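Residues per chain, in single letters:
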Amino acid sequence: MGGGEGGQEKSFNFFQVLLEGSIAGGTAGVVVETALYPIDTIKTRLQAARGGSRIELKGLYSGLGGNLAGVLPASAIFVGVYEPTKRKLLETLPENLSAVAHFTAGAIGGIAASLIRVPTEVVKQRMQTGQFKSAPNAVRLIVAKEGFKGLYAGYGSFLLRDLPFDAIQFCIYEQLRIGYKLVAKRELNDPENALIGAFAGAITGAITTPLDVMKTRLMVQGQGTQYSGIVNCAQTILREEGPKAFLKGIEPRVLWIGIGGSIFFGVLEKTKSMLAERRNREVGALKDE
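Quick caveat, the model's predicted, so the values are computed rather than measured.

Enquirer: Break down the overall build of the protein chain for me, with residues and values.
Expert: Counting its regular elements, the protein chain contains nine helices and zero strands. Starting at the N terminus and walking to the C terminus, you meet the elements of the protein chain as α-α-α-α-α-α-α-α-α. Here the C-alpha atoms of the protein chain give a radius of gyration of 20 Å, agreeing with the 19 Å that 2.2 N^0.38 yields for 289 residues. Long-range pairs, those at least 24 residues apart, make up 77% of the contacts in the protein chain with a sequence separation of at least 6. About 13,500 Å² of surface is accessible on the protein chain, with carbon and sulfur atoms providing 65% of the total. If you average the places of the 33 positive and of the 26 negative side-chain charges in the protein chain, the two averages end up 8 Å apart.

Enquirer: Give a description of the UniProt feature "transmembrane region" (unreviewed entry) in the protein chain that names residues and reports values.
Expert: UniProt's feature table lists "transmembrane region" (unreviewed entry) at residues 14–39, 60–79 and 99–118, given in the numbering used throughout. Taken as a whole, residues 14–39 contains 100% helix and 0% strand, while its terminal C-alpha atoms sit 36 Å from one another. With 80% helix and 0% strand, the stretch residues 60–79 has end C-alpha atoms that lie 28 Å from each other.

Enquirer: Could you give an account of the packing of helix 7 (residues 209–220) against helix 8 (residues 230–241), naming the residues involved and the relevant values?
Expert: Closest axis-to-axis distance for the helix 7/helix 8 pair is 10 Å, and the angle between their directions is 105°. Between helix 7 and helix 8, the angle falls in the class roughly perpendicular. Only I230, C233, A234, I237 and E241 of helix 8 make contact with helix 7, whose side of the interface consists of V213, M214, R217 and L218. Its residues placed into classes, the contact of helix 7 with helix 8 shows seven nonpolar, no polar and two charged.

Enquirer: Give me the nonpolar core: which residues, what numbers.
Expert: Core analysis: the biggest nonpolar cluster contains 21 residues, and F78, F170, F264, F265 and L268 have the highest contact counts within it. Looking at this core, the elements with two or more residues in it are helix 1 (14–48), helix 2 (64–92), helix 3 (98–128), helix 5 (155–184), helix 6 (190–207) and helix 9 (250–288). If you tally residues by element for this core, the top one is helix 9, at six residues. When sequence neighbours within four positions are dropped, the list of residues in contact with F78 reads G106, G109, G110, A113, R117, D166 and F170. Membership of the second largest hydrophobic core comes to twelve residues, among which are V123, M127, A135 and A153.

Enquirer: How would you explain helix 8 if you had to name every residue and give the values?
Expert: Every α-helical turn comprises 3.6 residues, leaving residues that sit three or four positions apart pointing alike. Between its terminal C-alpha atoms helix 8 stretches 16 Å, which fits the 16 Å expected from twelve residues at 1.5 Å a residue. Among the residues of helix 8, C233, T236 and I237 are the ones counted as buried. Axial view of helix 8: buried residues confined to an arc of 100°, hence all on one face. Seen from the buried face of helix 8, the exposed residues on the opposite side, beyond 90 degrees, are V231 and R239. Taken together, the buried residues of helix 8 touch helix 7. In the segment just after helix 8, G242 is the residue with positive phi, at about 85°.

Enquirer: Would you mind going over the side chain of T85 in detail, with residue names and values included?
Expert: Structurally, the position occupied by T85 is in helix 2. Its relative accessible area of 17% is what places T85 among the buried residues. Excluding residues that lie within four positions of it along the chain, T85 makes contacts with A105 and I108.

Enquirer: Break down the packing of aromatic side chains for me, citing the residues and quoting the values.
Expert: In this structure the tally under the stated criterion is eleven aromatic pairs. Geometrically, the ring pair formed by F78 and Y82 is stacked, given 6.0 Å between the ring centres and 5° between the ring planes. Note that F78 and Y82 are positioned in helix 2 at a spacing of four residues, about one turn of the helix. Neither residue differs from the other here; F78 and Y82 are each classed as buried.

Parameters and conventions
- Residues numbered from 1 in each chain as written.
- Predicted model: local features only at pLDDT ≥ 70, side-chain atom pairs only at ≥ 80, totals over all residues.
- Heavy atoms only, no water.
- Helix = DSSP H or I, 4+ residues; strand = E, 2+ residues; numbered from the N terminus.
- Rg over C-alpha atoms; globule rule 2.2 N^0.38 Å.
- Contact = heavy atoms within 4.5 Å.
- Areas by Shrake-Rupley, 256 points an atom, 1.4 Å probe, with all protein chains shown as cover.
- Lys, Arg positive; Asp, Glu negative; His and termini not counted.
- Charge placed at Lys NZ, Arg CZ, Asp CG, Glu CD.
- UniProt positions renumbered as here; feature names shortened; annotations may be inferred.
- Axes fitted to C-alpha atoms, helices over the stretch in contact; angles between N-to-C directions.
- Parallel < 35°, antiparallel > 145°, perpendicular 65-115°, else oblique.
- Nonpolar A, V, L, I, M, F, W, Y, C, P; charged D, E, K, R; others polar.
- Core = buried A, V, L, I, M, F, W, Y, C linked by side-chain atoms within 4.5 Å.
- Buried < 20%, exposed > 50% of the residue type's maximum accessible area, 1.4 Å probe, protein only.
- Expected span 1.5 Å × (residues − 1).
- Arc of directions from axis to C-beta.
- Phe/Tyr/Trp six-rings, centres within 6.5 Å; stacked < 30°, edge-to-face > 60°.

In C-alpha cells form, the structure reads like this:
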C-alpha cells in the first residue's frame, strides 16, 4: 500500500485497502490522541477563555477515555475511506494531477469521519473546559438539554476547519513524500515519514488556527446564545477581542499537530507496511501450497 506513489499500482482490492487503511488509521489515531491529549486540553482552554481569563492546568487528561471511543472509529473511517478513494483517483487522473487526488480524497475522508468526529469533539471540549466529569454523563445531559443536535454543535465550523485541514495536510504530506522519493530514489524509512508528517501537520495547523478558534467557541457555548453561527462568531470575536484572538492557542496547536503529524504518519506508514508484509507472506504461503 503505497502512500501516494502517483498511480504506480494500477489495480487494487478496494475492500482490502479499506480494511488495512481502517486498521492503520485507528491505530495511529489512538496513539496520537493518548500521547498528546494534555497539549490539546491546554489549547482548548486557551481558546475558550475570554479576555484575560487564566486557564486551569488541572485535569489535563479529562475526557480522554470517552474521546478515544470516538477517535478510534473516526480515524479508522477517515483512513479507510481516504486510502481506496486516493488509489481510485490516482488510477483515474493523469499523474501530474496527483495533488488533486490527494486533496480530494482527504476532503472525502473528512466528511465521512465527521459524523463521529463532531460528537466526540463536542463532548471532549465540554469536559476539557470543566462542564462535565464523564463522557456518558456529558452525552446524556447534552441530549437532554439541547437535543440530539447538541452533539453536533459547531458542525458547520468543524467542517469549515477540518475539511480544508484534512485535505491540505494529506496533500502536503503525500506530495512531499513523492518529491522526496524522486530525489532519494528509494522508499522512505520510518524517521523520514515521521519528519514529513510533522512538517505537514505544523504548516496546516498554523493555517487553520482561526477556524479552530471559531469552532471551539461554538462547540463550548452549549445553550448559550453568544454566537449565532460562524459569521456572527467571527464578527463578535473581531469586535470584542480584536484580530489577535483568532490566533489564540496557535503555539500549542502547532506543537500538538506538528508532533501529532509526526506520530500519526509514522505509525500509519509503519502499520500499513506491516499489514502489507503480512499479506504478502500469506499470499506466498498460498502459492507454495
